[in-house]
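# Topology and contacts: notes
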Amino acid sequence: MLFNKTKRIQYLGFNDVWFSVVGILILSLSTDYIFNNSFQSYPLALAFYSWGASLIVTICDWLIIRRILIFLRKKYPDFRDDVKRIVIFFLAIVTTILVVDYVGGHLIEYVYRLLGKNANYFTQLKVLLPVTLVTIMIMAIYEAMYYYVRLKTSIRAEEQTKQVMIQAQLDTLRNQAQPHFLFNSLNTLRDIIDQDSKEDAKGFVDNLSDVYRFIIESGNSNLISLEKELKFAKAYIHIQSERFGDNLKVNWNIPEDKLLVMIVPMSLQLLLENAIKHNIVSRAKPLIINVETKDDYLVVTNKIQTKSTQIPSTKIGLKNIEQRYALITNKLPEIKNDGIQFTVSLPLLKLSDQKKNYANTNH
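Let us look at the structure shown here. (Residues numbered from 1 in each chain as written. Predicted model: local features only at pLDDT ≥ 70, side-chain atom pairs only at ≥ 80, totals over all residues. Heavy atoms only, no water.)

### What to know about the pattern of salt bridges
Rules: We count a salt bridge whenever a side-chain nitrogen from Lys or Arg sits within 4 Å of a carboxyl oxygen from Asp or Glu. In this text, helices come from DSSP runs of H or I with a minimum length of four residues, and strands from runs of E with a minimum of two, each type numbered from the N-terminal end. Only protein chains enter the area calculation, which uses a 1.4 Å probe; residues under 20% of their type maximum are buried, those over 50% are exposed, and those in between are partly exposed.
Tallied over the full model, the rule gives nine salt bridges. Put simply, Arg-150 and Asp-82 hold a salt bridge, and the shortest N to O gap is 2.8 Å. A residue pair is termed long-range when its members are at least 10 positions apart, and Arg-150 in helix 6 (residues 128-195) and Asp-82 in helix 5 (residues 82-114) qualify at 68 residues. By relative accessible area, which is 11% here, Arg-150 ends up buried. Residue Asp-82 is classed as buried on the basis of its relative accessible area, which comes to 11%. The network of salt bridges with shared partners includes Arg-73, Asp-82, Arg-85, Glu-143 and Arg-150.

Right under this line is the structure:
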């Protein structure tokens, strides 16, 4: 422990070399001053000799107490054991000082007598109390450092655990969105097969494979640029246009300076998909969807043209988007339905908008 830096940091919380050197000097000088005040009472040479004796006793105290400290931290490493460990450590400090200073005091007394000086250690036992208090205060610094390091480590571990949990939730939601897209695409393919030629169905499948290639390439991202999301959404609309022709129209109004902001992947595509799925798209009632940016939001609006019969739905789309945004940021989507128009506003994000626990989950 004395020479292994890694173990010192592991059990003490920091590299205590200089702390030990300074602490021993302070404690030895304090002890010498309390016991003998050598530098005031004796000639300089004898004063250094006297202080040297105190220094030896202090080094013994320090190393023994330090070893006990490490032993107790290894035996009682958990926060719940702190009270027990500190009480035992306090008793160990008192016991060590009484034993070591008693023996050391007798040795100092013997040395003084050899030098022709009078010394009565027993009359000075009462000064062990301030020595003990000074030692406890210095050792409290060890405890404070250890507690701080453990607390910081515990907080870091908790943050990492939260990040892992958030990432798992995001992965689940992202993977949920992809089958949702496939589910609705297969419904579209079924309608094409029923209504159009096999060639149209083949063309749809070819375009669908291109879209899925994009999903696979960006599938591990929890946030992507608006530019990439627009590219994906336009590819999706291109597929739907093969089915609906001019009956489906999307007005894109996105300024170039917004293309690099971030957005949740597949969120825009899911909104377009929901609009097509839940509204009439026909020559008599063409569906017009407006996609634009307002302030720091991507706003998707369509006139409500409710179908008389609804196709099967997984009920995932909007909920999926809301949950993913809630995990990533405090800025949440806004949904408005006034009976005439249905509007969803998706927050456009910056890195600084991310929640702290989410900040390291991108991959």
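This is not the end of the story, as more comes after the structure.
### With respect to the side chain of Arg-73
For clarity, the cut-off: The criterion used for residue contact is that any of the two residues' heavy atoms lie within 4.5 Å.
Here Arg-73 is to be found in helix 4 (residues 44-75). Contact partners of Arg-73, with chain neighbours within four places excluded, come to Tyr-11, Leu-12, Arg-85, Tyr-142, Glu-143 and Tyr-146.

### A closer look at the sheet that holds strand 5 (residues 297-303)
We apply this condition: Strands qualify as paired when DSSP identifies two bridges or more between them. Helix axes use the C-alpha atoms of the stretch in contact, all axes being lines fitted to C-alpha atoms, and the angles between their N-to-C directions lie in the range 0 to 180 degrees.
Within the open sheet, the five strands sit side by side as 2-4-5-7-6. Their pairing is mixed. Strand pairing shows two members of the sheet lacking a second neighbour, strand 2 (248-253) and strand 6 (334-337), which therefore form its edges. Each adjacent strand pair in this sheet contributes to an overall mean axis angle of 15°, direction not counted. The sheet contact formed by strand 6 and strand 7 (residues 341-347) spans four bridges and is antiparallel. Along strand 7, the bridge assignment pairs Lys-336 with Thr-343. In this fold helix 9 (residues 267-278) packs onto strand 2, strand 4 (287-294), strand 5 and strand 7, with an angle of close to 155° to the strand it touches most, strand 4.

### Brief notes about the nonpolar core
Test applied: Grouping buried Ala, Val, Leu, Ile, Met, Phe, Trp, Tyr and Cys residues that are joined through side-chain atoms within 4.5 Å yields what is termed a nonpolar core.
In terms of nonpolar packing, the biggest core is built from 34 residues, with Ile-289, Val-291 and Leu-298 touching the most fellow members. Listed by contribution, the elements that provide at least two residues to this core are helix 8 (226-244), strand 2, helix 9, strand 4, strand 5, helix 10 (317-328) and strand 7. Setting aside residues no more than four positions away along its own chain, Val-291 makes contact with Val-250, Asn-251, Trp-252, Asn-253, Ile-254, Leu-268, Leu-272, Leu-298, Val-299 and Val-300.

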